[in-house]
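Listed below, chain by chain, are the residues.
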Amino acid sequence: MHIQSIPMWEGTGNNYAYLVSDDKTREAVIIDPAHPEEVLPVLEKQTKAGLKLTKIINTHHHHDHAGGNKEILKHHKLPVIGGRDCTLVNKTPTHKETFNIGSIEVTALHTPCHTQDSICFYFKDGDDKAVFTGDTMFIGGCGRFFEGTAEEMHKALNETLAALPDDTKVYPGHEYTKGNVKFAKTVAKDNEAVKKLDSYSQANKETQGKFTIGDEKKHNVFMLYADPEIQKAVGQTEPVEVVRTLRALKDKS
């Protein structure tokens, strides 16, 4: 499995699209190609080099994730796989439904909250594992609860995504790590994993694919609902209330 990150709207939205291909068959998918003028040149180069694009995958319906579908489809006739509200979607896989990209097995994981049609996609190719989390999980953080509740985000992060193998690499929809760490340091001052993430994010412009689900369980405050330091900082002990209060504080920060 080969993953090529395509940064989009650097300096403003700081989004990522991802071109994921199977090394054996050269079949590929493009995930969240929201800004065609930055994505199409990459697709043209790679398809000329022999890559076979088979699908567009969207993690959720927001314009900065699914808004490029119409323009991409003018150049590449592909099915759109994604949440029910995504632009020109052809198929919405059910929770835990699987499909293949060559020898890569993909599992759709429904994670409603940021939007009700949010889906994370878990890719497995032998021992190589990656999850594309859209705006549900970021490195060191999570998305705003635009269409959902703290209960839903707690389930998405701490049940659905936490159940993936710890060595699964995380590829989020945005580069938000610096801001997430800044907030984490206000509620987890003594957390060594947060300090390490802080150092890495200061030294590196991009953090996607550099951290795993196992890492997130150590430095993502929204997954540290049982941590006494964080519970004290938010004045809550019940898991959903910890997540709810953390998000409210982050929204104000």
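Here the residue numbers are simple positions, counted from 1 along each chain's written sequence. With pLDDT at 70 or above as the cut-off, local features in this predicted model cover only qualifying residues; side-chain atom pairs require 80 or more to be listed or tallied, and sums for whole chains, interfaces and linings still use all residues. Side-chain metrics rest on all non-hydrogen atoms present in the structure, leaving aside hydrogens and water.

The name an unreviewed UniProt entry assigns to the chain is Metallo-hydrolase/oxidoreductase, from the organism Macroventuria anomochaeta.

What follows concerns the state of the cysteines. For the purposes of this analysis, a disulfide is any pair of cysteine sulfur atoms at a distance within 2.5 Å. Within the structure shown, the criterion is met by zero disulfides. Here Cys-142 stays free of any disulfide, with the sulfur of Cys-113 as its closest cysteine sulfur at 7.3 Å.

Okay, the nonpolar core next. Buried Ala, Val, Leu, Ile, Met, Phe, Trp, Tyr and Cys residues that are joined via side-chain atoms within 4.5 Å together make up what is termed a nonpolar core. Think of it in three bands: residues with accessible area under 20% of the maximum for their type are buried, residues over 50% are exposed, and the middle band is partly exposed, with areas taken using a 1.4 Å probe on protein chains only. Ranked by size, the top nonpolar core spans 36 residues in total, and within it Val-131, Leu-157, Leu-161, Val-221, Phe-222 and Leu-246 carry the most contacts. Starting at the N terminus, helices and strands are each numbered in turn, a helix being any DSSP run of H or I of at least four residues and a strand any DSSP run of E of at least two. Of all elements in the fold, only strand E8 (119-125), helix H4 (150-161), helix H5 (177-187), helix H6 (192-203), helix H8 (228-234) and helix H9 (239-252) reach the threshold of two or more residues within this core. A per-element tally of this core places H4 first, with five residues. Any two residues whose heavy atoms approach within 4.5 Å at even a single point are treated as in contact. Discounting residues that sit within four places of it in the chain, Leu-246 has contacts with Phe-183, Val-187, Val-221, Phe-222, Ile-230 and Val-234. Ile-31, Ala-108, Ile-119 and Phe-121 belong to the second largest nonpolar core, which has 19 residues in total.

Time to look at the layout of surface pockets. The gaps left among the atoms become clear once a water-sized probe is rolled over them. Cavities and pockets are defined on a 1 Å grid built over the protein atoms alone: a cavity is a set of grid points where a 1.4 Å probe fits but cannot escape, while a pocket is an open set with protein on both sides within 12 Å along at least five of seven lines, and lining residues are those with an atom within 4 Å of any such point. Grid points are joined across faces, edges and corners, and a volume is the space filled by probe spheres set on the points. Estimates place the volume of the largest pocket at around 230 Å³. Phe-138, Arg-144, Tyr-176, Arg-247 and Lys-250 are, among the 14 residues lining the largest pocket, the residues nearest its centre.

With that settled, the discussion passes to the sheet that holds strand E6 (residues 98-101). With mixed pairing, the five strands of this open sheet are ordered in space as E6-E7-E8-E9-E12. A single partner strand is all that each edge strand has here, and the edge strands are E6 and strand E12 (169-172). Each strand of the sheet is rotated relative to its neighbour by a mean of 25°, with strand direction disregarded. By the convention used here, strands pair only if DSSP detects at least 2 bridges between them. Pairing of strand E7 (residues 104-110) with E8, which is carried by six bridges, proceeds in the antiparallel orientation. Note on geometry: axes are lines fitted to C-alpha atoms, helical ones only across the stretch in contact, with angles between N-to-C directions running from 0 to 180 degrees.

For the rest of this paragraph, the subject is the environment of His-75. Within the fold, His-75 resides in helix H3 (residues 69-75). Along the backbone, His-75 and Glu-44 are 31 residues apart, and their C-alpha atoms lie at a distance of 9.2 Å.

Okay, the side chain of His-114 next. Relative to the helices and strands, His-114 is located in the loop between E7 and E8. Only 2.9 Å separates the side chain of His-114 from the backbone oxygen of Arg-144, close enough to count as a polar contact. Setting aside anything within four residues of it in sequence, one finds His-114 in contact with His-60, His-62, Asp-135, Gly-143, Arg-144, Phe-146, Glu-147 and Met-153. Within 3.5 Å is the distance limit for a polar contact, defined as a pair of N or O atoms, with the added protein rule that one can donate a hydrogen and the other accept it, and that residues adjacent in sequence qualify only through two side-chain atoms.

Below, the discussion takes up empty space enclosed by the protein. Counted under the stated rule, the structure contains one cavity of 30 Å³ or more. Counted as a void, the largest cavity has a volume near 40 Å³. Lining the largest cavity are Tyr-16, Tyr-18, Ile-31, Asp-32, Thr-59, Phe-132, Thr-133, Gly-134, Tyr-171, Pro-172 and Gly-173. If you list the elements that add at least two residues to the lining of the largest cavity, you get strand E2 (15-21), strand E9 (128-134) and E12. For the lining of the largest cavity, the element with the most residues is E9, which contributes three residues. Three categories are distinguished: nonpolar for Ala, Val, Leu, Ile, Met, Phe, Trp, Tyr, Cys and Pro, charged for Asp, Glu, Lys and Arg, and polar for the others, with Gly belonging to the last. Along the lines of polarity and charge, the residues of the lining of the largest cavity split into six nonpolar, four polar and one charged.

Here we have five strands laid out as an open sheet, ordered E1-E2-E3-E4-E5, and mixed in their pairing. A single partner strand is all that each edge strand has here, and the edge strands are strand E1 (2-8) and strand E5 (80-81). Across two bridges, strand E4 (residues 52-57) lies against E5 in parallel orientation. Bridged to Ile-56 within E5 is Val-80. In the packing of helix H1 (residues 36-48) onto the sheet, the strands contacted are E1, E2, strand E3 (27-31) and E4, and the crossing angle to E1 comes to about 150°.

Here the focus is the packing of H4 against H9. At their nearest, the axes of H4 and H9 sit 9 Å apart, and the two run at 105° to each other. The angle between H4 and H9 places the two elements in the roughly perpendicular class. Each of Ala-150, Glu-151, His-154 and Asn-158 in H4 lies in contact with H9, whose residues at this interface are Pro-239, Val-240, Val-243 and Arg-244. Any angle that falls under 35 degrees is termed roughly parallel, while one over 145 is termed roughly antiparallel, one within 65 to 115 roughly perpendicular, and all others oblique.

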